[in-house]
Amino acid sequence: MNIDQELLQKIAHLARLEMPESAEKEMKESLESVLNWMSELDEIDTSNVKPLTHMSLEINALREDKVIPNISREQGLKNAPKQDGEYFRVPKVME
Amino acid sequence: MKVYSTLKDIQTDLYAGSITCRQLVEFYLKNIEEKNNTLNAFLSVFDQEALEKADEIDAKIKAGTAKKLAGMVLGIKDLLCYKDHTSQAGSRILDGFESQFTATAVQRVIDEDAIIIGRQNCDEFGMGSTNENSAFGPCLNAVGENRVAGGSSGGSAVAVQADMCLASLGTDTGGSVRMPAGFCGLVGLKPTYTRVSRWGLIAYASSFDCIGPITKSVEDAAILLEIIAGKDEQDSTVSNEKVPEYTAFQTEKKTYKIGYLKEAVESEGLQPEVKAATLAKLAYLKAQGHEVEAVDFPLIKYFLPTYYTLTTAEASSNLSRFDGVRYGHRSTEATDLMSLYKKSRFEGFGKETRKRIMLGTFVLSASYYDAYYTKAQKIRRLIKEFTDNLLTEYDFLVCPTTPTTAYKLGEKTADPIQMYLGDLFTVQANVVGLPAISIPNGLDNDGMPIGFQIMAGAFEEAELLTFAQLIS
């Protein structure tokens, strides 16, 4: 698998991860090496195999829909890097 | 103070009045003070709290109201949340994070009078096999010079190994409890997938993650599992299966049918002493009257590529919650919302975590989803069916926990694939969701511990623990 700069930046954007030029080469190489290794899975014919999508044996986990005490606003905001006592604050989205 | 290996011995002395919980906590705190600077097992120590709690439990013992875990001094991996205490998943992205709630597993041990002594070092988000991927620096093995602890629950293992606490709660996504337990000469138990509630466990790969104990004895692993396992309204994935009395080890002598993974035991990459110790254990099992047979596992080569395809995919999704908005690190360089996300995440995550997020995003992206992600899900089914089938014929599947004993610091960091291969024998249990335990199995020529792994069928922890106890 060859990862060119465009694909690398595209994945980084999807992952919302900054990818400065200085980090590109190392990331490209390590992605390619792991992806090549993952491609060994192609050696197995799986045309008649269904993907395993659920590991839990539980069918339905039902519980009563009741109101329980949740964390307070103050508690909810306590770890925020920036907040105004009511909301999380982020840079302006619209002019 | 005498060095204890089991809760039972501690409780005998506590109830005889020859020691107190305060003395126990002071003993562990002294060891932490003396050794933690070098070993780096604990990231925070809750000294005052632990001492206060010790006095409270000493009073309860006098009053006859103490519960099951009175006298157990426990550490918790940095992936478990504990209300009003820092939890950082070994990462800078969670700088300053103090949890608003307590993980169910942690709450359950506290409710049984365990004393939580501190938060333990680990690979960032559990992504690593040596504890070298922690933002807080590696945790060192207490045996040997400059040897790794194993990972990702490295701090949790070393803390027990170096008598900084009696036991730890770790987490196991691909071997993260069993591998460091093996490297440190301890018992590490990964329960059946969904046996233990994961409420309050910072998620890495949700179809793999399990909480499990690291202890000095099989008995203590059983005591802890009995308490942390079972239904929880906060986790809809947890199993409703009844929790048996794991501590009631079956005493009647039974012989078992045991399969050992031929490819694992005969693998060229196996360190000679590990191979010798494993073969000796198999000979011992035969001598004890158990039936021991080699089993072929042709899919072994595909365990790790399957594991990494699926876990990186799940990690890329789980770790999207770290965005610099609600908690943790926020970049000061951001100019708009998009750059706030991107810069905060780049600065906050370590190299290995960034790489796994990128890999996971790639295998889940529209053009590659079927070729990588769906393909791995299909092979996961093949591995699971093959393993489940074997376990209808055999009571247990055994192999060494790791191909070698603990590496030297930095020995594996240059080649990621070599690093990943260290998990070869442990990942199977996570890929298929089955319980497995690592027990000590002697030392190599340098005195480094060797681990022996036993895997059982789903929800057969009672049999697994009985057998582990029997052959320890």
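Per-chain numbering applies: the sequence of each chain, read as written, is numbered from 1 onward. Whichever chain is written first becomes A and whichever ligand is written first becomes 1, with later ones labelled in order. Residues qualify for local features only when their pLDDT is at least 70, as the model is predicted, and side-chain atom pairs are given and counted only at 80 or more; totals for whole chains, interfaces and linings, by contrast, use all residues. Excluding hydrogens and water, the side-chain values take into account all heavy atoms of the structure.

1. Details of the interface of chain B and chain A
Thought 1: Throughout, a residue-residue contact means that at least one pair of heavy atoms, one from each residue, lies within 4.5 Å. With 72 residues of chain B in contact, the opposing surface of chain A contributes 56 residues.
Thought 2: Between chain B and chain A lies a buried interface of about 5700 Å² when both sides are counted; carbon and sulfur atoms form 68% of it.
Thought 3: Summed over both partners, buried area is the accessible surface (1.4 Å probe) that two parts give up on being assembled. Three residues, Q100(B), K342(B) and M358(B), lead the burial of chain B against chain A; their summed loss comes to 12% of the area buried on that side.
Thought 4: By salt bridge we mean one thing: a side-chain nitrogen of Lys or Arg within 4 Å of a carboxyl oxygen of Asp or Glu. Counting every contact that joins chain B to chain A gives six salt bridges.
Thought 5: Linking E26(A) and K351(B) is a salt bridge whose minimum nitrogen-to-oxygen distance equals 3.1 Å.

2. Thoughts on the UniProt feature "domain: Amidase" (unreviewed entry) in chain B
Thought 1: Under the present numbering, the feature "domain: Amidase" (unreviewed entry) in UniProt falls on residues 24-465 of chain B.
Thought 2: Only runs of H or I of at least four residues qualify as helices and only runs of E of at least two qualify as strands under DSSP, and these elements are numbered from the N terminus. With 38% helix and 14% strand, the stretch residues 24-465 of chain B has end C-alpha atoms that lie 27 Å from each other. UniProt positions are given in the numbering used here, feature names are shortened, and annotations may be inferred rather than shown by experiment.

3. Some words on the packing of helix α9 (residues 272-287) of chain B against helix α16 (residues 461-471) of chain B
Residues and elements named next belong to chain B.
Thought 1: Each axis is a line fitted through C-alpha atoms, and for a helix only the stretch in contact is used; angles between axes span 0 to 180 degrees, taken between their N-to-C directions. Here α9 crosses α16 at 100°, and the two axes come no closer than 12 Å. By the criterion of interaxial angle, the relationship of α9 to α16 is roughly perpendicular. For the pair α9 and α16, the contacting residues are K281, Y284 and L285 in the first and F467, L470 and I471 in the second.
Thought 2: Residue polarity is assigned by list, with Asp, Glu, Lys and Arg as charged and Ala, Val, Leu, Ile, Met, Phe, Trp, Tyr, Cys and Pro as nonpolar; anything else, Gly included, falls into the polar class. Across the contact of α9 with α16, the residue classes break down as five nonpolar, no polar and one charged. Orientation labels follow simple angle bins: below 35 degrees gives roughly parallel, above 145 gives roughly antiparallel, 65 to 115 gives roughly perpendicular, and whatever is left gives oblique.

4. Examining the packing of aromatic side chains
Thought 1: Aromatic contacts are taken between Phe, Tyr and Trp rings whose centres are within 6.5 Å, Trp giving its six-membered ring; a plane angle under 30 degrees counts as stacked, one over 60 as edge-to-face, and the others as tilted. Applying the stated criterion across every chain, the model contains 23 aromatic pairs over all chains.
Thought 2: Centre to centre, the rings of F322(B) and F349(B) are 6.4 Å apart; their planes meet at 90°, and the pair counts as edge-to-face. A residue pair is termed long-range when its members are at least 10 positions apart, and F322(B) in the loop between α10 (303-318) and α11 (337-348) and F349(B) in the loop between α11 and α12 (351-364) qualify at 27 residues.
Thought 3: Burial classification: accessible surface area is computed with a 1.4 Å probe over protein chains only, and a residue below 20% of its type maximum counts as buried, one above 50% as exposed, and the rest as partly exposed. With relative accessibility at 1%, the residue F349(B) sits in the buried group.
Thought 4: An aromatic cluster is defined as three or more aromatic residues linked by ring pairs; in this entry it consists of W37(A), F208(B), Y307(B), Y308(B) and Y420(B).
Thought 5: It is R119(B) that lies over the ring of F136(B); its NZ or CZ is 5.8 Å from the centre.
Thought 6: We call a charge positioned over a ring when the NZ of a Lys or the CZ of an Arg lies within 6 Å of the ring centre and within 35 degrees of the ring normal. Here the guanidinium or amino end of R380(B) rests over the ring plane of F208(B), the centre of that ring lying 4.0 Å away.

5. Topic: helix α2 (residues 21-38) of chain A
Thought 1: A rise of 1.5 Å per residue sets the reference length of α2(A), with its 18 residues, at 26 Å; its end C-alpha atoms lie 26 Å apart and thus fit the reference within 8%.
Thought 2: Buried residues in α2(A) make contact with α1 (5-14) of chain A together with α10, α11, α12, α13 (369-393) and α14 (416-421) of chain B. A helix is expected to reach a length of 1.5 Å times the quantity of its residues less one.

6. A few points about the UniProt feature "active site" (unreviewed entry) in chain B
Residue and element names in this part refer to chain B.
Thought 1: Under the present numbering, the feature "active site" (unreviewed entry) in UniProt falls on K77, S152 and S176. Spanning 100 residues, the named residues nonetheless gather at one spot, since no C-alpha pair among them exceeds 10.8 Å.
Thought 2: Residue position: S152 is located in the loop between β3 (115-120) and α5 (154-161).
Thought 3: Overall, the relative accessible area of 0% leaves S152 in the buried class.
Thought 4: For S152, the contacting residues outside a window of four places in its chain are K77, N121, C122, D123, G126, M127, G128, N131 and S176.
Thought 5: Nitrogen and oxygen atoms within 3.5 Å of one another constitute a polar contact, given that in protein one can donate a hydrogen and the other can accept it, and given that sequence-neighbouring residues count only through two side-chain atoms. Reaching out from S152, the side chain makes a polar contact with the side chain of K77 at a distance of 2.7 Å.
Thought 6: Relative to the helices and strands, S176 is located in the loop between β4 (167-172) and α6 (178-183).
Thought 7: Excluding residues that lie within four positions of it along the chain, S176 makes contacts with K77, G126, G128, G151, S152, S153 and T171.
Thought 8: Engagement of the side chain of S176 in a polar contact is seen with the side chain of S152, the distance being 2.8 Å.

7. Looking at the domain arrangement of chain B
All names here are of chain B.
Thought 1: For each domain, the first and last residues come from an automatic or database assignment. For chain B, the domain assignment lists domain 1 (7-228) and domain 2 (305-370).
Thought 2: Put simply, the middle of domain 1 and the middle of domain 2, counted by C-alpha atoms, are 28 Å apart.
Thought 3: Contacts between the two partners involve 20 residues from domain 1, matched on the other side by 20 residues from domain 2.
Thought 4: The largest per-residue losses of area from domain 1 upon contact with domain 2 belong to I93, M127 and Y204, which jointly make up 39% of the total buried on that side.
Thought 5: On the surface where domain 1 and domain 2 come into contact, there are zero salt bridges.
Thought 6: Applying the counting rule to domain 1 against domain 2 returns 11 residue pairs in polar contact (both at pLDDT 80 or more).
Thought 7: Grouping the constituent residues of the side of domain 1 that touches domain 2 by class yields 10 nonpolar, seven polar and three charged.

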